[in-house]
Amino acid sequence: MGNLSVDARVLRLALFTDTYAPQVNGVSRTLERLIDAVAERGGVAQVFTVDDPGATDTVGVVRYPSRSFWAYDELKLAWPSRSKVRDEVLKFAPTIVHSATEFGVGLAGRRVARALEIPFVSSYHTSFSAYARYYKLGFLSRPGWSFLRWFHNGGLRTYCPTQAIQREITDRGFRECRVWSRGVDCDRFAPAYRSRGLRSQMGATDQTVVVGYVGRLAAEKGLKMALEAIQKLEKLRPGTTRFMAAGDGPFADEIRRAAPPGSWLPGKLSGQALSEAYASADIFLFPSTTDTFGNVLLESMASGVPALGADVGPTREILANGRGWLARPNDSDDFARVLAELVDDRNRISTARGSALAFARSKSWSVIWDALIQDYLTLQRQPRQ
């Protein structure tokens, strides 16, 4: 267990989630890290999740047949039988159950934990009411809050990624909310990965400002507005910038159609290619108003690239104190204006780069996992001797 401060040998965590590897998103990546962190501290974890044609894991992962959600094809939902879940949970004998999603498998986790009187906790990762607006399901927003409040208040904790989200859902009647922040691997994401060769491939010189986006290419990420801002920026400061968007998703075709000529659109990246993409930008663009945290913000900051984000609570919290810049949400004119000002005064980029990098380096995963796992240990049922 090395220098890790928390001894989790008595912990048996059952994690229920409707998103997990090989799906690639901020939640699935965080949950993979959680499972590793429990093992590193001597505990045992078992994941209960949806099936996936790309999945190869078997040990420690139970998968249930699932179907794509009709309004969002890449979201999979499963409705496993109560008896099957109960038998599998009894066999694993967890000391605590954590549901990371509120539907399908996550709901099954809540149900079985309460039925078997196992301590239950949940985490709030996704603003479903905001997603409902993007996918024309606005009629679900009001009942959605009632359901979410019922779901999360059925446990001992609701973990939130930021203080802004904690305040928001507490104001809506959620109880026992705690901040479970996020960390970043500063070896994997670092300024040293900045690549002159990659910038040249993008058509960028030392004088070019590369505006980059990394993440899912989906409507709820604010990418339609971001594209409009990039197009306006090109008119305001022609020939001075390059746009880069790495990732895939349902909005990919629209990105390819509407991005300015010369944009670099490599699709989904991983490993060193991803590290180089982050570090080779100058400004990271984060237009989302729906994210409860935005792991990519920390990854860009660790890469020495400050961000311009929408002025909403979670993003404002991360980019505070000169670590980046904010523009009015869903306002392409304001995003284009801020970007043009940064192109004109590049010292502001250099100053923010130092602040962003220092903040990212302070976000140690080890400290974050120790705090969460210690809370598990405080809440859990004592294992049978």
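Residues numbered from 1 in each chain as written. Predicted model: local features only at pLDDT ≥ 70, side-chain atom pairs only at ≥ 80, totals over all residues. Heavy atoms only, no water.

Draft legend 1. A look at the overall build of the protein. The helix and strand tally for the protein stands at 15 helices and 15 strands. Its C-alpha atoms put the protein at 70 × 50 × 40 Å along the principal axes. Expressed as a percentage of the 385 residues in the protein, the buried residues total 56%. When contacts within the protein are restricted to residue pairs at least 6 apart in sequence, long-range pairs at least 24 apart make up 69% of them. As displayed, the protein offers around 17,000 Å² of accessible surface, 50% of which is attributable to carbon and sulfur atoms. Within the protein, one finds 50 positive and 40 negative side-chain charges whose respective centroids are separated by 3 Å. (Helix = DSSP H or I, 4+ residues; strand = E, 2+ residues; numbered from the N terminus. Buried < 20%, exposed > 50% of the residue type's maximum accessible area, 1.4 Å probe, protein only. Contact = heavy atoms within 4.5 Å. Areas by Shrake-Rupley, 256 points an atom, 1.4 Å probe, with all protein chains shown as cover. Lys, Arg positive; Asp, Glu negative; His and termini not counted. Charge placed at Lys NZ, Arg CZ, Asp CG, Glu CD.)

Draft legend 2. Here's a closer look at the pairing of strand β14 (residues 307–310). Note that strand β13 (residues 283–286) and β14 share 3 bridges and pair parallel. Its bridge partner lying in β14, L285 is registered against L308. Where the polypeptide runs from β13 across helix α11 (residues 295–302) and back to β14, its parallel neighbour, the crossover connection is right-handed. Both β14 and strand β15 (residues 324–327) contribute to a ladder of 4 bridges, which runs parallel. From the neighbouring strand, L308 faces β15, where its bridge partner is W325. For the segment spanning β14, helix α12 (residues 313–318) and β15, crossover handedness is right-handed. (Pairing = 2+ DSSP bridges. Right-handed = clockwise from strand over helix to strand, strands pointing away.)

Draft legend 3. Layout of the packing of helix α1 (residues 26–40) against helix α15 (residues 365–379). In the contact formed by α1 and α15, the axes pass within 10 Å of each other and the chain directions differ by 75°. Here α15 runs roughly perpendicular to α1, going by the angle between their axes. When α1 is examined against α15, the residues T30, R33, L34, A37 and V38 are found in contact with a partner set consisting of W365, W369, L372, I373 and Y376. For the contact of α1 with α15, a count of residues per class yields 8 nonpolar, 1 polar and 1 charged. (Axes fitted to C-alpha atoms, helices over the stretch in contact; angles between N-to-C directions. Parallel < 35°, antiparallel > 145°, perpendicular 65-115°, else oblique. Nonpolar A, V, L, I, M, F, W, Y, C, P; charged D, E, K, R; others polar.)

Draft legend 4. Focus on the side chain of K221. Residue position: K221 is located in the loop between β10 (209–214) and α8 (223–236). For K221, a relative accessible area of 13% puts it in the buried group. Engagement of the side chain of K221 in a polar contact is seen with the side chain of D291, the distance being 3.1 Å. (Polar contact = N/O pair within 3.5 Å; in protein donor to acceptor, adjacent residues only side chain to side chain.)

Draft legend 5. Representation of the packing of α8 against helix α13 (residues 332–344) in the model. Between α8 and α13, whose axes approach to 8 Å, the crossing angle comes to 45°. Taken together, α8 and α13 sit at an angle that is classed as oblique. In the crossing of α8 with α13, the sense of the turn from one axis to the other is right-handed. Residue-level contacts link M225, E228, A229, I230, K232, L233 and L236 of α8 to S332, D333, F335, A336, L339 and A340 of α13. (Left-handed = near helix turned anticlockwise from the far one by under 90°.)

Draft legend 6. Structural context of unusual backbone geometry. Look at the link from A21 to P22: it is a cis peptide, with omega at 15°. Looking at where P22 falls in the secondary structure, it is placed in the loop between β1 (12–16) and α1. Of note, the phi angle at A93 is positive, near 55°, even though the residue is not glycine. Assignment of secondary structure puts A93 in the loop between α2 (82–92) and β6 (96–99). Its identity is not glycine, yet N321 carries a phi of approximately 60°, on the positive side. Here N321 shows up in the loop between α12 and β15. You can call N321 exposed: its relative accessible area is 68%.

Draft legend 7. Expanded view of α1. Over its 15 residues, α1 runs 21 Å from end to end, which matches the ideal 21 Å to within 8%, given 1.5 Å per residue. Turning to α1, its buried residues number three or more, namely V27, S28, T30, L31, L34, I35, A37 and V38. Of the surrounding secondary structure, the elements contacted by the buried residues of α1 are β1, β2 (44–50), β6, α11 and α15. Taking the backbone nitrogen of V27 as reference, a side-chain oxygen 3.0 Å away marks N25 as the first, capping residue of α1. Just downstream of α1 lies G42, where phi reads positive at about 95°. (Expected span 1.5 Å × (residues − 1).)

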